[in-house]
Amino acid sequence: MGLLDGIRILDFTQHQAGPYGTALLADFGADVVKIERIGGDPARANFPEVDGVNAFFLVNNRGKRSLSLDLEKPAAVGVVHRLLGRADVLAHNLKPGAMEKFGLGYSDLHERYPRLVYAAVSTFGPQGPRRWTTGVDLIAQAESGIMSVTGETDGHALPVGVALADALGGVNLAFAVLGALYGRERTGSGQEVHVSLVGGLIGVQAWELQNHLLAHTVSPRAGQSHPLIKTLWTSFAARDGDFVLAEVADAWPGICRAIGLAELAAEERFRSVGRRLKNRAPLLEILRARFAESTVDECVRRLRAEGVLAAPVQSYAQVAADPDARANGYVRKIDLPGKGPIDTIGPFLHFSETAPEVRRGAPDLAAHTAEILAELGYDAAEIGRLRSERAIA
């Protein structure tokens, strides 16, 4: 049994910020009906395939069923309303005002479907002068402040190397829906929940932004380090790759022993955090020279033996082969129809009794249209009529 068995989600989301969230809910057992335009989610065509598999679409739409409708046709909107009579959640990340155009905004539906949880994802949030403005991951990274602290100290601001705003937006969507469903169990009523890409990124910078609010300082780009952590918290180049170390608690003497310079710990210019910060340039020069003589494995092994937090900077290939990533199901195999077993990214949460699972791959466009309509009571003649009217694909 899945945690959300019996919960039906009408998923109008596309691209990543919304679909990733509803995919996580599908992992929990929800019946996620992906409602796509006749041409399909643009992500089906906008990303390259590898051996016939669209990696972007697969990971953001696993476990769902596809129903393709033309919402410009009243009969298609009628199908949505029949679905709403049996649905628990409606999720969308369409442009502000798009759902209202079809009479499917929250204010249009709440009175008729009082138990419905209505979940929306936007770039900026439901209030403020830019609430009608659309955007993408890069826009959110720029507007949220996270790019201002990412990059080399004397270089340009850089985006994070992955679509962090979109992925986090999906996680926040799933989190918000779960909270609203729990609230419905207590009150009997659904509600509208709204998450935004900018809001999510501001949330993950809570400590750094709180420091700014209190100190009124501007955090500079810190390159390999962190602008607020005044100890060794950075990456180093070894002979065959990179690794990181984090100087916490009383790690400094252990770092010195690991590089074979135990006497460095008591040297006047390095014997306190403040002194090491003041003399950071010569300190880093010493450490970099020592670490460059050894392999990543040797550096990490010696540091860990001294109780210092250290780890290799892993490539995607190394992550995919990592025994812990495999053991925890973060990378796992699924059987993809027509392709056989393939590796995919799995759920990252663990439940002792209702473990989330990747129950199926991403659906082909409109693959479940007839199946879903039959569940709603449409007979073959009605389905044929909807098809002839081009209300469905």
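Scroll up for the structure.
Bear in mind that the values here come from a model prediction, so they are computed numbers and not experimental data.

1. Structural notes on the pattern of salt bridges
By the definition in use, this model includes 21 salt bridges. A salt bridge links Arg65 to Asp31, with the nearest nitrogen and oxygen atoms 2.8 Å apart. Here Arg65 is found in strand S5 (residues 65-68), whereas its partner Asp31 is found in strand S2 (residues 31-36), with 34 residues between them in sequence. According to the relative accessible area criterion, Arg65 is buried, its value standing at 5%. Residue Glu306 pairs with Arg257 through a salt bridge whose shortest N-O separation is 2.8 Å.

2. With respect to the nonpolar core
Counting residues in each nonpolar core, the largest one holds 32 residues, and the members touching the most others are Leu4, Ile9, Leu25, Val177 and Leu181. Mapped by element, the contributors of at least two residues to this core are helix H1 (19-27), strand S6 (89-92), strand S7 (117-122), helix H8 (164-187), strand S8 (192-196) and helix H9 (197-204). With 8 residues, H8 is the single largest residue contributor to this core. Setting aside its immediate chain neighbours within four residues, Leu181 contacts Leu4, Ile7, Asp88, Val89 and Val117. By size, the runner-up hydrophobic cluster in this structure holds 31 residues, among which are Leu83, Tyr113, Leu376 and Tyr378.

3. Considering the packing of helix H7 (residues 137-144) against H8
Where H7 contacts H8, the two axes come as close as 7 Å, and the packing angle between them is 95 degrees. If you check the angle between H7 and H8, you find them roughly perpendicular. Where H7 abuts H8, its residues Asp137, Ala140 and Gln141 lie against Leu164, Ala165 and Asp166. Grouping the amino acids of the contact of H7 with H8 by side-chain chemistry returns 3 nonpolar, 1 polar and 2 charged.

4. Concerning the packing of H1 against H8
Viewed as axis vectors pointing N to C, H1 and H8 meet at an angle of 50 degrees, and their least axial separation amounts to 7 Å. In terms of orientation, H1 lies oblique with respect to H8. Here H1 runs over H8; the crossing is right-handed. Between H1 and H8, the residues in contact are Tyr20, Gly21, Thr22, Leu24 and Leu25 and Ala167, Gly170, Val171, Leu173, Ala174, Val177 and Leu178, respectively.

5. Here's the deal with the environment of Leu309
Among the structural elements, Leu309 can be located in strand S11 (residues 309-312). The spatial distance from the C-alpha of Leu309 to the C-alpha of Leu245 is 5.6 Å, given a sequence separation of 64 residues. Here Leu309 is in contact with Val244, Leu245, Ala246 and Val248, once residues within four sequence places are set aside.

6. Details of the sheet that holds S11
In spatial order, the strands read S9-S10-S11; together these 3 strands make up an open sheet with antiparallel pairing. A strand with exactly one partner marks an edge of an open sheet, and here the two such strands are strand S9 (233-237) and S11. Each strand of the sheet is rotated relative to its neighbour by a mean of 20 degrees, with strand direction disregarded. Sheet topology places S9 next to strand S10 (residues 242-246); 5 bridges connect them, and they run antiparallel.

7. A short note on the sheet that holds S7
Note: strands within a sheet are paired through backbone hydrogen bonds, in either parallel or antiparallel orientation. Taken in spatial order, the 6 strands make up an open sheet running S5-S2-S1-S6-S7-S8, and their pairing is parallel. Looking at strand neighbours, the two that pair on one side only are S5 and S8, the edges of this open sheet. Within the sheet, the average angular offset between the axes of one strand and its neighbour, ignoring direction, is 20 degrees. Examined bridge by bridge, S7 and S8 share 5 bridges and lie parallel to one another. Bridge pairing in S8 links Ser122 to Ser196.

Thresholds, definitions, all that
- Residues numbered from 1 in each chain as written.
- Predicted model: local features only at pLDDT ≥ 70, side-chain atom pairs only at ≥ 80, totals over all residues.
- Heavy atoms only, no water.
- Salt bridge = Lys/Arg side-chain N within 4 Å of Asp/Glu carboxyl O.
- Helix = DSSP H or I, 4+ residues; strand = E, 2+ residues; numbered from the N terminus.
- Buried < 20%, exposed > 50% of the residue type's maximum accessible area, 1.4 Å probe, protein only.
- Core = buried A, V, L, I, M, F, W, Y, C linked by side-chain atoms within 4.5 Å.
- Contact = heavy atoms within 4.5 Å.
- Axes fitted to C-alpha atoms, helices over the stretch in contact; angles between N-to-C directions.
- Parallel < 35°, antiparallel > 145°, perpendicular 65-115°, else oblique.
- Nonpolar A, V, L, I, M, F, W, Y, C, P; charged D, E, K, R; others polar.
- Left-handed = near helix turned anticlockwise from the far one by under 90°.
- Pairing = 2+ DSSP bridges.

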